[in-house]
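The primary structure of each chain is shown beneath.
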Amino acid sequence: MCDDADSTDGDTQKNLYRDAIGDHSSDLNTAIAFSLTPPSGFGHVCTKVCQDVAAAWKSPAAEGWIEGVDTLGSSIKTAFSNYKGDVDDAYAQEPENVDVNDPAQSWKADWE
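As the structure is a prediction and not an experimental result, all values here were calculated from the model. (Residues numbered from 1 in each chain as written. Predicted model: local features only at pLDDT ≥ 70, side-chain atom pairs only at ≥ 80, totals over all residues. Heavy atoms only, no water.)

### Things to note about the pattern of salt bridges
Stage number 1. Inspection of the entire model under this criterion finds four salt bridges.
Stage number 2. Measuring nitrogen to oxygen at the nearest pair gives 3.5 Å for the salt bridge that ties D19 to K14.
Stage number 3. Salt-bridge contacts for D52 lead to K48; the nearest nitrogen and oxygen are separated by 2.9 Å. Residue D52 and its partner K48 are both found in helix α2 (residues 47–56); the two are separated by four residues, about one turn of the helix. (Salt bridge = Lys/Arg side-chain N within 4 Å of Asp/Glu carboxyl O. Helix = DSSP H or I, 4+ residues; strand = E, 2+ residues; numbered from the N terminus.)

Written as structure tokens, this is what we have:
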């Protein structure tokens, strides 16, 4: 047998931790698409409230309130989008398989 530097002794297993990160990423896609975005697909979780208040409450106080809630809604969506990016980065950095003989990686094969 040739001494191949890329060969392993066969003690690798699927990285279940990586799979869990991928599942979490999918859950975030659903949350961002359905819970944090209005049915129109535009805006953020507070867009409809802002529109309804703007139509019903005409005053300088309403304008300030709407601006604050609009900023809040944008910040919520941005925070989730940034977190989703971090989760996707973590997923990309994980190997598909891990060496079960390496204590630094073996726990990933037992992830629940």
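After that view, the rundown keeps rolling.
### Some details on the environment of W57
Stage number 1. Tracing the backbone through its elements, the reader meets W57 in the loop between α2 and α3 (60–93).
Stage number 2. Owing to a relative accessible area of 38%, W57 belongs among the partly exposed residues under this scheme.
Stage number 3. Those residues in contact with W57 that lie beyond four places of it in its chain are A62 and W65.
Stage number 4. One polar contact links W57 to S59, side chain to side chain, over a distance of 3.2 Å. (Buried < 20%, exposed > 50% of the residue type's maximum accessible area, 1.4 Å probe, protein only. Contact = heavy atoms within 4.5 Å. Polar contact = N/O pair within 3.5 Å; in protein donor to acceptor, adjacent residues only side chain to side chain.)

### Focus on α2
One full turn of an α-helix is made of 3.6 residues, so residues set three or four places apart face in the same direction.
Stage number 1. Among the residues making up α2, those that are buried are T47, C50 and V53. Taken around the axis of α2, the buried residues stretch over an arc of 135°, which confines them to a single face. Opposite the buried face of α2, by more than 90 degrees, sit the exposed residues A55 and A56.
Stage number 2. In this structure, the buried side of α2 is in contact with α3. (Arc of directions from axis to C-beta.)

### Topic: the state of the cysteines
Stage number 1. Following the criterion strictly, the structure yields zero disulfides and no others.
Stage number 2. Considering cysteine sulfurs only, C50 is the nearest to C46, which forms no disulfide, with 6.0 Å between them.
Stage number 3. Under the relative-accessibility criterion, C50 is labelled buried at 7%. (Disulfide = S-S within 2.5 Å.)

### Digging into the packing of α2 against α3
Stage number 1. Packing of α2 against α3 leaves a shortest axis separation of 9 Å and a crossing angle of 175°. Compared by their axis directions, α2 and α3 come out roughly antiparallel. Residues V49, C50, V53 and A54 of α2 touch α3, and the partners they reach there are W65, I66, V69 and D70.
Stage number 2. Taken together, the residues of the contact of α2 with α3 sort by class into seven nonpolar, no polar and one charged. (Axes fitted to C-alpha atoms, helices over the stretch in contact; angles between N-to-C directions. Parallel < 35°, antiparallel > 145°, perpendicular 65-115°, else oblique. Nonpolar A, V, L, I, M, F, W, Y, C, P; charged D, E, K, R; others polar.)

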